[in-house]
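Each chain, letter by letter, is given below.
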Amino acid sequence: MSSSKTAQANHDQLFPNHKSVLKETDPEFTALFDNFAFDEVLQYTKLTIKQRMKVTLAALIAMQCVNEYKIMLNAALSIGVIPIEAKEIVYQAVPYVGLGKVFDFSQVTNDILIERGVPLPLEGQSRTTPENRYEKGAEAIRCVAGDKVDKMHETMPENQKHFAVFLADNCFGDYFTRGGLDEKERELLIFTMLASMGGADQQLKGHITNNIQIGNDKQVMIDTITVLLPFIGYPRTLTALNCLNEIIPEGENE
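Cut-offs and rules
Every chain begins its residue count from 1, and numbering advances along the sequence as written. Local features in this predicted model are restricted to residues whose pLDDT is 70 or higher, and side-chain atom pairs enter the listing and the counts only when it is 80 or higher, whereas totals over whole chains, interfaces and linings include all residues. By convention in this description, side-chain values take in all heavy atoms of the structure and omit both hydrogens and water. Only buried residues count toward a nonpolar core. Its members are Ala, Val, Leu, Ile, Met, Phe, Trp, Tyr and Cys residues joined through side-chain atoms within 4.5 Å. Burial classification: accessible surface area is computed with a 1.4 Å probe over protein chains only, and a residue below 20% of its type maximum counts as buried, one above 50% as exposed, and the rest as partly exposed. Here a helix means four or more residues in a row that DSSP labels H or I, a strand means two or more in a row labelled E, and each is numbered from the N terminus. Domain segmentation is taken from an automatic or database assignment of domains. In what follows, a contact means two residues having at least one pair of non-hydrogen atoms within 4.5 Å. Angles run from 0 to 180 degrees between N-to-C directions of axes, and those axes are lines fitted to C-alpha atoms, restricted for helices to the stretch in contact. The labels follow the angle: roughly parallel below 35 degrees, roughly antiparallel above 145, roughly perpendicular from 65 to 115, and oblique for the rest. For any helix crossing, the convention is left-handed if the near helix is rotated counterclockwise from the far helix by under a right angle, and right-handed if that rotation is clockwise. Think of it as three bins: nonpolar holds Ala, Val, Leu, Ile, Met, Phe, Trp, Tyr, Cys and Pro, charged holds Asp, Glu, Lys and Arg, and polar takes everything else, Gly as well. The bend at a residue is defined as the angle formed between two axes, one fitted to the seven residues ending at that residue and one fitted to the seven starting there. The salt bridge definition used is simple: a Lys or Arg side-chain nitrogen within 4 Å of an Asp or Glu carboxyl oxygen. Cavities and pockets are defined on a 1 Å grid built over the protein atoms alone: a cavity is a set of grid points where a 1.4 Å probe fits but cannot escape, while a pocket is an open set with protein on both sides within 12 Å along at least five of seven lines, and lining residues are those with an atom within 4 Å of any such point. Grid points are joined across faces, edges and corners, and a volume is the space filled by probe spheres set on the points. Multiplying one less than the number of residues by 1.5 Å gives the expected span of a helix.

Going by what an unreviewed UniProt entry lists, the chain is known as Carboxymuconolactone decarboxylase family protein and is assigned to Listeria rustica.

1. Some points on the nonpolar core
Among the nonpolar cores identified, the biggest contains 73 residues, and Met-53 and Tyr-69 are the most heavily contacted of them. Counting residues per element, this core draws most heavily on helix H4 (residues 49-63), which supplies 10 residues. Two domains each put at least three residues into this core: domain 1 (1-36) and domain 2 (127-177). Not counting residues up to four positions away in its chain, the partners in contact with Met-53 are Leu-14, Met-72, Ala-75, Ala-76, Ile-79 and Val-81.

2. A short note on the packing of H4 against helix H11 (residues 183-197)
Where H4 contacts H11, the axes come no closer than 8 Å and their chain directions differ by 40°. Considering their axes alone, H4 and H11 lie oblique with respect to each other. Regarding H4 and H11, the two cross each other, and that crossing is right-handed. Where H4 approaches H11, its residues Lys-54, Val-55, Ala-58, Ala-59, Ala-62 and Met-63 are matched on the opposing element by Glu-185, Leu-188, Leu-189, Thr-192, Met-193, Ser-196 and Met-197. When its residues are assigned to classes, the contact of H4 with H11 shows 9 nonpolar, 2 polar and 2 charged.

3. Brief notes about the side chain of Thr-192
Mapped onto the secondary structure, Thr-192 falls in helix H11. Thr-192 gets classed as buried once you look at its relative accessible area, which sits at 0%. Ignoring anything within four residues of it in the chain, the contact list for Thr-192 reads Val-55, Ala-58, Ala-59, Thr-224 and Leu-228.

4. Structural notes on the domain arrangement of the chain
One can read the domain layout of the chain as domain 1 (1-36) and domain 2 (127-177). One C-alpha centre belongs to domain 1, the other to domain 2, and the line joining them spans 46 Å.

5. Some points on helix H10 (residues 161-176)
If you look at H10, its biggest bend is around 35°, right at Leu-167. Those residues of H10 that sit buried are Lys-161, Ala-164, Ala-168, Asp-169, Cys-171, Phe-172, Gly-173, Tyr-175 and Phe-176. On its buried face, H10 sits against helix H6 (83-97), helix H8 (133-145), helix H9 (148-155), H11 and helix H12 (201-214).

6. Brief notes about the pattern of salt bridges
Tallied over the full model, the rule gives 10 salt bridges. In this structure, the salt-bridge partner of Glu-85 is Lys-54, at a minimum N-O distance of 2.9 Å. Of this pair, Glu-85 sits in helix H6 while Lys-54 sits in helix H4, placing them 31 residues apart in sequence. When sorted by exposure, Glu-85 lands in the same class as Lys-54, which is buried.

7. Remarks on empty space enclosed by the protein
Rolled over the atoms, a probe sized like a water molecule indicates the empty space that remains. According to the stated counting rule, one finds 2 cavities of 30 Å³ or more in the structure shown. Around the largest cavity, the lining residues are Leu-14, Ala-37, Phe-38, Leu-42, Ile-49, Arg-52, Met-53, Thr-56, Met-72, Val-227 and Phe-231. Of all the secondary structure elements, the ones that give two or more residues to the lining of the largest cavity are helix H3 (27-40), H4 and helix H13 (218-232). With 4 residues, H4 is the single largest residue contributor to the lining of the largest cavity. In the lining of the largest cavity, the residues fall into 9 nonpolar, 1 polar and 1 charged.

8. Considerations on helix H7 (residues 99-115)
Think of an α-helix as turning once every 3.6 residues; residues three or four places apart then point the same way. Between its first and last C-alpha, H7 extends 24 Å over 17 residues, near the 24 Å set by a 1.5 Å rise per residue. Regarding H7, the residues found buried are Val-102, Phe-105, Val-108, Thr-109, Asn-110, Ile-112 and Leu-113. Those residues of H7 that are buried lie in contact with H4, helix H5 (66-78) and H6. Residue Gly-117 follows H7 closely and has a positive phi angle near 80°.

9. Side note on the environment of Thr-177
Residue position: Thr-177 is located in the loop between H10 and H11. With a relative accessible area of 13%, Thr-177 lands in the buried category. When the C-alpha atoms of Thr-177 and Glu-139 are compared, they prove to be 9.6 Å apart, with 38 residues separating the residues in sequence. Ignoring sequence-local partners within four residues, the contact set of Thr-177 consists of Arg-127, Thr-128, Lys-136, Ala-140 and Phe-172.

This is the structure:
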């Protein structure tokens, strides 16, 4: 078995002049994976190469795949993903994956950027202040999710209301409102991370609705999990697909 011409071309675009050790030790497996991930799968998605790399980076963070992330980050930077976009993908993971899992990826990202001659720190992207982060975050939530968090705050027991506050001022105010990525990209990345880490089906369904609200249609999300399938596996892919079909049945107007 050998890699198809299409798979080889797509692989070379991401990893020019790369000499694969795995190809020497496991040639059959390498050809099998490359033909699927870099040829067959790509026949069923219209995401651009930059979009594919961004969602792949987000998925790898969610799954704690540091070594593969290093490889893919270098590839992403080589095909046009800019340093600020890479950094913002890492930052956007914090409220969904948790700092304990994201911290290593922040350090790895810094190391790779420094190796590539990128001066750090990058230009700040925060668009809120301590005084307006709740207001700005609440505005952002209303744009993508309507009044869900407002209702949470109204109906939650007094000793739990702070979670609704945190969703507004921290999750959205501190992170979602930042520059570097637009709102449609951020919602698609959140969908990606929730699908990739698994175990958060209720939140995944909520962000499927958010994606539709902000302009990412069902096909964009299908295209996304198609790209992710070789990296996240069938169980999480099919779970995400089931959630999509539950929220937006086939043939139903979005």
